[in-house]
Amino acid sequence: QVQLVESGGGLVQAGTSLSLSCAASRNIFIFNTMGWYRQAPGKSRDLVASITPGGSTNYADAVKGRFTISKDNPKNTVYLQMNSLKPEDAGVYYCNKVPSYNPYWGQGTQVTVSS
């Protein structure tokens, strides 16, 4: 079973940057589109960014121009660089396949943005 472990979250001020990491127990990124999902309190878990095996990326409209998803296949890691953070970006961030695969959900990493 593949395990995905998110890290890098924290409390930051609006307008600053943060980089998240998702480490996989084995390399699945060469075969699967990966995504970062965000779940804000009281809201659903929504896809905010994705990257295909070939490196093509897609972003939710709310984060376009500010977030960048990338991956390092040899390191079994996918990243999310978040710039110009806004309070509405806050939530628990998870990585998973796109579309999501339930057994892959990890604990996520909390991102809190203060204004």
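Here is what the cut-offs are and how they apply
- One numbering rule holds for all chains: residues counted from 1, following each sequence as written.
- For this predicted model, a pLDDT threshold of at least 70 governs which residues receive local features, and a threshold of 80 or more governs which side-chain atom pairs are given and counted, while totals over whole chains, interfaces and linings are taken from all residues.
- To get the side-chain values, take all heavy atoms of the structure and skip hydrogens and water.
- A helix here means a DSSP run of H or I that spans at least four residues, while a strand means a run of E at least two residues long, and both kinds are numbered starting from the N terminus.
- As a reference, a globule follows 2.2 Å times the number of residues to the power 0.38, and the radius of gyration itself is taken over C-alpha atoms.
- Per-residue accessibility, obtained with a 1.4 Å probe over protein chains only, is compared with the maximum for each type, and a residue is labelled buried under 20%, exposed over 50%, and partly exposed between these values.
- Between any two strands, at least two bridges found by DSSP are needed for them to pair.
- Think of each axis as a best-fit line through the C-alpha atoms, taken over the contacting stretch in the case of a helix, with angles from 0 to 180 degrees between the N-to-C directions.

*Asks:* Just give me the short version of the overall build of the protein chain, but keep the residues and values in it.
*Replies:* Looking only at helices and strands, one finds 0 helices and 10 strands in the protein chain. Scanning the protein chain from its N terminus toward the C terminus, one meets helices and strands in the order β-β-β-β-β-β-β-β-β-β. Over its C-alpha atoms the protein chain spans a radius of gyration of 13 Å, differing by no more than 12% from the 13 Å that the globule rule assigns to 115 residues. With the C-alpha coordinates aligned to their principal axes, the bounding extent of the protein chain is approximately 40 × 25 × 20 Å. The burial tally for the protein chain puts 41% of its 115 residues in the buried class.

*Asks:* Report on unusual backbone geometry, specifying residues and quantitative values.
*Replies:* The amide bond that connects Val98 to the next residue, Pro99, takes the cis arrangement and shows omega of -5°. Among the structural elements, Pro99 can be located in the loop between β9 (91-97) and β10 (109-114). At Asn76, a residue that is not glycine, the phi angle is positive and equals roughly 55°. Notably, Ser84 is not glycine yet its phi reads approximately 50°, a positive angle. Residue Ser84 is classed as partly exposed on the basis of its relative accessible area, which comes to 39%.

*Asks:* Tell me about the sheet that holds strand β7 (residues 67-72), and please be specific about residues and values.
*Replies:* Within a sheet, neighbouring strands are paired by backbone hydrogen bonds and run either parallel or antiparallel to one another. One open sheet holds the 4 strands; their spatial order is β1-β3-β8-β7, and the pairing between them is antiparallel. Two strands in the sheet have a free side with no partner beyond their single neighbour: β1 (4-7) and β7. Looking at each pair of strands side by side, their axes are set apart by 15° on average, direction ignored. Alignment of β1 against strand β3 (residues 18-24), held across 4 bridges, turns out to be antiparallel. The residue bridging Ser7 from the neighbouring strand is Ser21, located in β3.

*Asks:* Describe in detail the side chain of Ser50, supporting the description with residues and values.
*Replies:* Assignment of secondary structure puts Ser50 in strand β5 (residues 45-51). Take Ser50: its relative accessible area is 8%, and that puts it in the buried class.

*Asks:* An account of the sheet that holds β9 is requested, with residue identities and associated values reported.
*Replies:* Strand order in the open sheet made by the 6 strands is β2-β10-β9-β4-β5-β6, with mixed pairing throughout. Each end of this open sheet is capped by a strand with a single partner; those strands are β2 (10-13) and β6 (57-59). Between one strand axis and the next, the sheet turns through 30° on average, direction left out of account. With 3 bridges connecting them, β9 and β10 associate as antiparallel partners. For Val92, the partnering residue across the bridge sits in β10 and is Gln110.

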